[in-house]
Amino acid sequence: CDLSLLPSIKDMADQLQWIAGTFKGDGCGTYPTIKSPFEYEEEVSFEQVPGKPIFFYRQKTWKKGDPSAAMHAESGYLRVGPPAGGPGKAQFVMSQITGLTEVCEGTADGELVHVKSKALGRVSTAKDPAVADIVREIRKTETGIKYKVSMGTSTHAEVVTHLEATLARQ
């Protein structure tokens, strides 16, 4: 047991407390292969695993103004600090209802989580085009978080913004 890691674990968990909680708000999406931009409402939660710099992540979206019209959902874990490879490091692993899985790595600090896909998995029945690359940014704001998801696909390799939302702490 390497006890020298304990201060770093506590420091990283403390530094990322801004992301712990439930957030709700509006988002918009676009992509070169989508005919027109779309709007949605969203709820995201990050729940810290007690005593660890790991956060359980849940996300769901629905058509703007109609909570019964589900659009998307995903869940997974955000790992920061020593479990992710050291201070300032982040790993985000998640699964989407579309049949896509993501393993992303990058950085995390007191203001920003920035990760890029390292591996993507996909079930055989997932619809095309296949996601080829993903970049996620989650930024601290005065009232919650703001995020951006950018991606490249099998038909549009350039990584461009797909989703953006501003969410208020609940």
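Residues numbered from 1 in each chain as written. Predicted model: local features only at pLDDT ≥ 70, side-chain atom pairs only at ≥ 80, totals over all residues. Heavy atoms only, no water.

Chemist: Just to check I follow, could you spell out the overall build of the protein for this structure?
Modeler: A count of helices and strands for the protein gives 1 helix and 10 strands. Beginning at the N terminus, the succession of helices and strands in the protein can be written as α-β-β-β-β-β-β-β-β-β-β. Principal-axis analysis of the C-alpha atoms places the extent of the protein at approximately 55 × 35 × 25 Å. For the protein, the proportion of its 170 residues judged to be buried stands at 39%. When the accessible surface of the protein is split by element, carbon and sulfur atoms take 54% of a total near 9200 Å². (Helix = DSSP H or I, 4+ residues; strand = E, 2+ residues; numbered from the N terminus. Buried < 20%, exposed > 50% of the residue type's maximum accessible area, 1.4 Å probe, protein only. Areas by Shrake-Rupley, 256 points an atom, 1.4 Å probe, with all protein chains shown as cover.)

Chemist: Sorry if this is basic, but what is going on with the pattern of salt bridges here?
Modeler: If the charged atoms of two oppositely charged side chains come close together, the side chains can form a pair. Here the structure, examined in full by the defined rule, presents 6 salt bridges. Notably, a salt bridge pairs Asp133 with Lys116, separated by 2.9 Å at the nearest N-O pair. Here Asp133 is found in strand β8 (residues 131–140), whereas its partner Lys116 is found in strand β7 (residues 112–122), with 17 residues between them in sequence. Relative accessible area serves as the criterion here: at 40%, Lys116 is assigned to the partly exposed category. With a closest N to O distance of 2.9 Å, Arg122 and Asp128 form a salt bridge. What makes Asp128 exposed here is its relative accessible area of 60%. Because the salt bridges share partners, they merge into one network encompassing Glu74, Glu102 and Arg136. (Salt bridge = Lys/Arg side-chain N within 4 Å of Asp/Glu carboxyl O.)

Chemist: I keep staring at the pairing of strand β1 (residues 21–29) and nothing clicks. Help me out?
Modeler: If a strand is regular, its side chains alternate between the two faces of the sheet. Of the strand pairs in this sheet, β1 and strand β2 (residues 38–48) are connected by 9 bridges, and their pairing is antiparallel. From the neighbouring strand, Lys24 faces β2, where its bridge partner is Glu43. Where β1 meets strand β10 (residues 160–169), 7 bridges bridge the pair, whose relative direction is antiparallel. Looking across to β10, one finds that Cys28 is bridged to Glu164. (Pairing = 2+ DSSP bridges.)

Chemist: How should I be thinking about the sheet that holds strand β6 (residues 100–108) in this particular structure?
Modeler: Spatial ordering of the closed barrel is given by β1-β2-β3-β4-β5-β6-β7-β8-β9-β10, a layout of 10 strands whose pairing is antiparallel. Neighbour-to-neighbour, the strand axes of this sheet turn through a mean angle of 25°, independent of strand direction. Looking at chain direction, β6 and β7 are connected through 9 bridges and run antiparallel. If you follow Thr107 over to β7, its bridge partner there is His114. (Axes fitted to C-alpha atoms, helices over the stretch in contact; angles between N-to-C directions.)

Chemist: What should I look at first to understand the environment of Thr141 in this one?
Modeler: Relative to the helices and strands, Thr141 is located in the loop between β8 and β9 (144–153). Overall, the relative accessible area of 26% leaves Thr141 in the partly exposed class. Taking C-alpha positions, Thr141 is 8.7 Å from Thr166, a pair spaced 25 residues apart along the chain. In this structure the side chain of Thr141 is engaged in a polar contact, spanning 2.9 Å, whose partner is the backbone nitrogen of Gly144. (Polar contact = N/O pair within 3.5 Å; in protein donor to acceptor, adjacent residues only side chain to side chain.)

Read these as spatial facts, not as claims about activity.
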